[in-house]
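Overview (structure and organization)
Letter by letter, the chains look like this.
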Amino acid sequence: LDHPIEASVTPPLKFTTVTGIQPVSTVKLSSTKAVVSYTAGGNTGKGTAVVLDIVDNFLVAGTPVVFHNDATYDITSTALTSTTILVSYRDYNSSNHGTAVVLTVSEASISTGTPVVFTTANASETVAAKLTSTKVIVAYKDVSNSNFGTACILNVSNTTVSAGTPAIFDSGFVRNFSISALSETKAIVVYRDQPNSNHETACVLTVTSSSISAGTP
């Protein structure tokens, strides 16, 4: 699949023939390369990723690769380097456990590491931010624990993921997350605090090794 990008307004490129694509997460690897991760609803909801390249003023799609062979929801992806990304998601057929996997990109091809469960809770609305090329912080709504706002550190070594202990940053029903790294050891998470009149709320998370301490929301 390829498509010219010379026009000021470029018609859409169909990067997959699968229907029912659900929330898409896109990360930049370079000025001419991105990776799109998505739930392929028309393929039993499998977690899938594809490389998009700009080559000689053409937009070119690689072959989509399945990184999780079951229903995959709440996908969020984070670029670690120019050739690796970390994808976090909710594994529907495994009690909605929060799970992460490293994807390695070589030209237009993607290879997948071994998925690792970072929480056995029902992890909904997962978002993630890169702290370093080997460390990512994820935040999510812990449906298994009264929908509390929770965060966890994911450390990456090559294609292996190891998870720290999840930490609660808000003991209330929270949703609609966004998270950004402030430094290699700090992140700010923003969310809607439902018990508090749905006020938009922010909290600073401080990271030490694989541990997280939360400031006052």
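Look a little higher up for the structure.
This text gives an overview of the structure that appears in the document. (Residues numbered from 1 in each chain as written. Predicted model: local features only at pLDDT ≥ 70, side-chain atom pairs only at ≥ 80, totals over all residues. Heavy atoms only, no water.)

Some thoughts on the overall build of the protein
Along the protein, the regular secondary structure elements total 0 helices and 18 strands. A compact globule built from 217 residues would reach a C-alpha radius of gyration of about 17 Å, and the protein, at 18 Å, matches this within 12%. Along the longest, intermediate and shortest principal axes, the C-alpha atoms of the protein span 50 × 35 × 35 Å. Residues counted as buried form 48% of the 217 residues belonging to the protein. Of the contacts made within the protein by residues no fewer than 6 positions apart, 37% connect residues no fewer than 24 positions apart. (Helix = DSSP H or I, 4+ residues; strand = E, 2+ residues; numbered from the N terminus. Rg over C-alpha atoms; globule rule 2.2 N^0.38 Å. Buried < 20%, exposed > 50% of the residue type's maximum accessible area, 1.4 Å probe, protein only. Contact = heavy atoms within 4.5 Å.)

Notes on the packing of aromatic side chains
By the definition in use, this model includes 6 aromatic pairs. For the pair Phe-169 and Phe-177, a centre-to-centre distance of 6.1 Å together with 85° between the ring planes defines the contact as edge-to-face. Pair check on accessibility: Phe-169 and Phe-177 agree, each one buried. The rings of Phe-169, Phe-177 and Tyr-191 are connected pair by pair, giving a single aromatic cluster. (Phe/Tyr/Trp six-rings, centres within 6.5 Å; stacked < 30°, edge-to-face > 60°.)

Things to note about the pairing of strand E5 (residues 58–61)
Both strand E4 (residues 46–55) and E5 contribute to a ladder of 4 bridges, which runs antiparallel. Within E5, the position partnered with Asp-53 by the bridge is Val-60. (Pairing = 2+ DSSP bridges.)

What about the environment of Pro-115?
If you trace the backbone, Pro-115 turns up in the loop between strand E9 (109–112) and strand E10 (116–132). A sequence separation of 37 residues divides Pro-115 from Thr-78, and the C-alpha atoms of the two residues are 15 Å apart. With near-sequence residues (within four places) excluded, Pro-115 lies in contact with Phe-67, Tyr-89, Thr-99, Ala-100 and Val-101.

Considering the nonpolar core
Ranked by internal contacts, the top residues of the largest apolar core, which has 19 residues, are Ile-137, Phe-169, Ile-179, Val-189, Leu-205 and Ile-212. What Ile-137 contacts, discounting residues up to four positions off in sequence, is Val-127, Ala-128, Ala-129, Leu-131, Cys-152, Ile-153, Ile-179, Ala-187, Leu-205, Val-207 and Ile-212. (Core = buried A, V, L, I, M, F, W, Y, C linked by side-chain atoms within 4.5 Å.)

Structural notes on the side chain of Asn-155
Inspection of the secondary structure assignment puts Asn-155 in strand E12 (residues 148–157). Residue Asn-155 is classed as buried on the basis of its relative accessible area of 17%. Of note is the side chain of Asn-155, whose polar atom sits 2.6 Å from the side chain of Lys-135. For Asn-155, the contacting residues outside a window of four places in its chain are Thr-134, Lys-135, Thr-160, Val-161, Ser-162 and Ser-210. (Polar contact = N/O pair within 3.5 Å; in protein donor to acceptor, adjacent residues only side chain to side chain.)

Some thoughts on the sheet that holds strand E15 (residues 174–181)
In spatial order, the strands read E15-E16-E17-E18; together these 4 strands make up an open sheet with antiparallel pairing. The two strands at the open ends of the sheet, each matched to only one other strand, are E15 and strand E18 (211–214). Neighbour-to-neighbour, the strand axes of this sheet turn through a mean angle of 30°, independent of strand direction. The pairing of strand E16 (residues 186–193) with strand E17 (residues 199–208) spans 8 bridges and is antiparallel. Each bridged residue has a counterpart across the sheet, and for Tyr-191 the counterpart in E17 is Thr-201. (Axes fitted to C-alpha atoms, helices over the stretch in contact; angles between N-to-C directions.)

A closer look at the pairing of E15
In terms of strand pairing, E15 meets E16 through 6 bridges, oriented antiparallel. Across the sheet, residue Ile-179 finds its bridge partner in E16, namely Val-189. What sits between E15 and E16 in their antiparallel hairpin is a turn of 4 residues.

Structural notes on the pattern of salt bridges
When the charged atoms of two side chains with opposite charge come close together, those side chains can pair. For the structure shown, the criterion picks out 3 salt bridges. We note a salt bridge from Arg-90 to Asp-74, for which the minimum N-O separation is 2.9 Å. Linking Arg-90 in strand E7 (residues 84–91) with Asp-74 in strand E6 (residues 65–79), this pair joins segments that are 16 residues apart in sequence. Judged by its relative accessible area of 15%, Arg-90 falls in the buried class. When its relative accessible area of 24% is taken as the criterion, Asp-74 is described as partly exposed. Taking the shortest distance from any N to any O, the salt bridge between Glu-125 and Lys-141 comes out at 3.2 Å. With Glu-125 in strand E10 and Lys-141 in strand E11 (residues 135–142), this pair connects stretches of sequence that are 16 residues apart. For the pair formed by Glu-125 and Lys-141, the shared burial category is buried. (Salt bridge = Lys/Arg side-chain N within 4 Å of Asp/Glu carboxyl O.)

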